[in-house]
Amino acid sequence: MKYILVTGGVISGIGKGIIASSVGTILKSCGLHVTAIKIDPYINIDAGTFSPYEHGEVFVLDDGGEVDLDLGNYERFLDIRLTKDNNLTTGKIYQSVINKERRGDYLGKTVQVVPHITDAIQDWVMRQAKVPVDDDDVEPQVCVIELGGTVGDIESMPFIEAFRQFQFKVKRENFCNIHVSLVPQPSATGEQKTKPTQNSVRELRGLGLSPDLIMCRCSTPLDNSVKEKISMFCHVEPEQVICVHDVSSIYRVPLLLENQGVVGYFCRRLNLPIETKPRKMLAKWKEMSDRSDRLLEQCSIALVGKYTKFSDSYASVIKALEHSALAISHKLEVKYVDSADLEASRLQEEPVRYHEAWQKLCSANLNGVLLLRRIVIPGGFGVRGTEGKIQAISWARKQKKPFLGVCLGMQLAVCEFARNMLDWKGEIFYKHNPGQMGGTMRLGKRRTIFKTKNSILRKLYGDVDYVEERHRHRFEVNPELTQHFEEKGFRFVGQDVEGERMEVIELDDHPYFVGVQYHPEFTSRPIKPSPPYLGLLLAAAGRLPGYLQKGCRLSPRYGLMFPEQ
């Protein structure tokens, strides 16, 4: 097993997750089996109870693990399936050690950070690195480990110490360290500054880890003189200083690393058994990135939510929309609409803000042509902003504009129809497991059975009898009330295996009015977009009827081929 540790310096949010994913991608393109582990130094057991404003969205795995959004990047880039133990937190480690102490596993010894916590970290990494993550069920050969935060943070010290010991335990030829650092370029001088990187590497060395590769995040490509300066003061060869400058798409980052000889360096440093055959996987990435840069037609989507101030709150939703837009050769434009601004109370408090939100929701000016927007309402929790979402759903239903509701978005579509078409005012949902908050929702991969062949979503999935998608919800539609909806053309076309939970809704006589209880964005991939999101984009582009008539295949002129690929 080869281990690649990715650390970060200077600032957090520097792009360690994308770089770790890109490193894994170029190694997988060489025929290696790659897995990934994300370490978060916070004391929470998992990310399940976080507000999206804390660390971005909560990503959900097949086994129901609620984890950091970087695991979503790993899955999308590497096309793998991870488990909750691929996200390691301080809380999990301390909980594990304390449970052992309570059982008497330490035989009366004093339990300390060194060696007990550091040993537990190393054991966890070595154990999880062997778990297969590909469909062929083969044990991985390379494990990419991302350590969250920045070097020097007090909460990450036990992990740094654990990996200082770990490098000797697994031997030098099986372990290397990538350090991601910032090279700022102040606008006053325009000069690229190396001092933050020098200080960050010095601190890392002081803690016992020496970087094998220094990946420099910068706005423009590094000058050779800057590269040589970092090489000299950080005690590495110039070829070990890698420039990761801003690019048009994150999917260009693997190509950027590959072009700078990163694969060759790993091959020598870790003695990797790399195949010499052409790297078809990277060729696909290059083709995809090139096509993305050439797109001219634009598709406008309004994302109505309550966490719109921070785009990472809906990271997977945006990625799923991007994947689908690319598949139909359109450039995606997402307009974030704060759902609270659509509510009547906002009209009284801030009328200008209210009217601006509705203007943003209803229309878009593209090349001088006024177009009505298409709407996606993603998942969420809590009462705030729900009335605004219901108003947006009502507008989409009445105006026959393409709409996709995910999780809470689907539930609110049910509420809107009950209020305005059935004239109901009572409760139509019941609560799943109303116990403690953490880890008690209906989580993970579940099967949804299509109850009719006359379903748009069923056709988009390739006319299958069932699909398996990931869930994260606490409330469910009361199955005893569904008949009243069906009589009015609001159909529950997908249900769980027992037929007790409503999973998919569709509205008759509407171009595309779809709601799903699950989160299809979590399984969307760059070259295999999620069918519900693809349907929304096709409807937005006016191509959904033709796509369905062709048996869910796009012509080569418009992009990728589905679902045969």
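Residues numbered from 1 in each chain as written. Predicted model: local features only at pLDDT ≥ 70, side-chain atom pairs only at ≥ 80, totals over all residues. Heavy atoms only, no water.

Taking an unreviewed UniProt entry as the reference, the protein chain is identified by name as CTP synthase belonging to Cyprinus carpio. Database annotation for the protein chain, UniProt heading Sequence similarities (unreviewed entry): "Belongs to the CTP synthase family." If you open the UniProt record of the protein chain and go to Catalytic activity (unreviewed entry), you find "UTP + L-glutamine + ATP + H2O = CTP + L-glutamate + ADP + phosphate + 2 H(+)". (UniProt positions renumbered as here; feature names shortened; annotations may be inferred.)

Enquirer: Which residues make up the pattern of salt bridges, and what values do they have?
Expert: Applying the stated criterion across every chain yields a total of 40 salt bridges. With a closest N to O distance of 2.7 Å, R458 and D465 form a salt bridge. A salt bridge links R491 to D508, with the shortest nitrogen-to-oxygen separation between them at 2.8 Å. Taken together, the positions of R491 in strand 20 (residues 490–496) and D508 in the loop between strand 21 (502–507) and strand 22 (513–516) put the pair 17 residues apart, joining distant regions of the chain. Overall, the relative accessible area of 15% leaves R491 in the buried class. Here the salt bridges do not stand alone but share partners, grouping D62, E75, D79, R81, R470 and R525 into one network. (Salt bridge = Lys/Arg side-chain N within 4 Å of Asp/Glu carboxyl O. Helix = DSSP H or I, 4+ residues; strand = E, 2+ residues; numbered from the N terminus. Buried < 20%, exposed > 50% of the residue type's maximum accessible area, 1.4 Å probe, protein only.)

Enquirer: Give me the sheet that holds strand 6 (residues 142–147): which residues, what numbers.
Expert: The strand order across the open sheet formed by seven strands is 5-2-6-1-7-8-9, and the pairing between neighbours is parallel. Strand pairing shows two members of the sheet lacking a second neighbour, strand 5 (87–89) and strand 9 (241–245), which therefore form its edges. The sheet shows a mean angle of 20° between the axes of neighbouring strands, taken without regard to direction. Contacts from helix 7 (residues 195–206) reach strand 1 (2–8), strand 7 (175–182) and strand 8 (213–218), with the element oriented near 145° to strand 7. Packed on one face of the sheet, helix 10 (residues 262–270) meets strand 1, strand 7, strand 8 and strand 9 and runs near 145° to strand 7. (Pairing = 2+ DSSP bridges. Axes fitted to C-alpha atoms, helices over the stretch in contact; angles between N-to-C directions. Contact = heavy atoms within 4.5 Å.)

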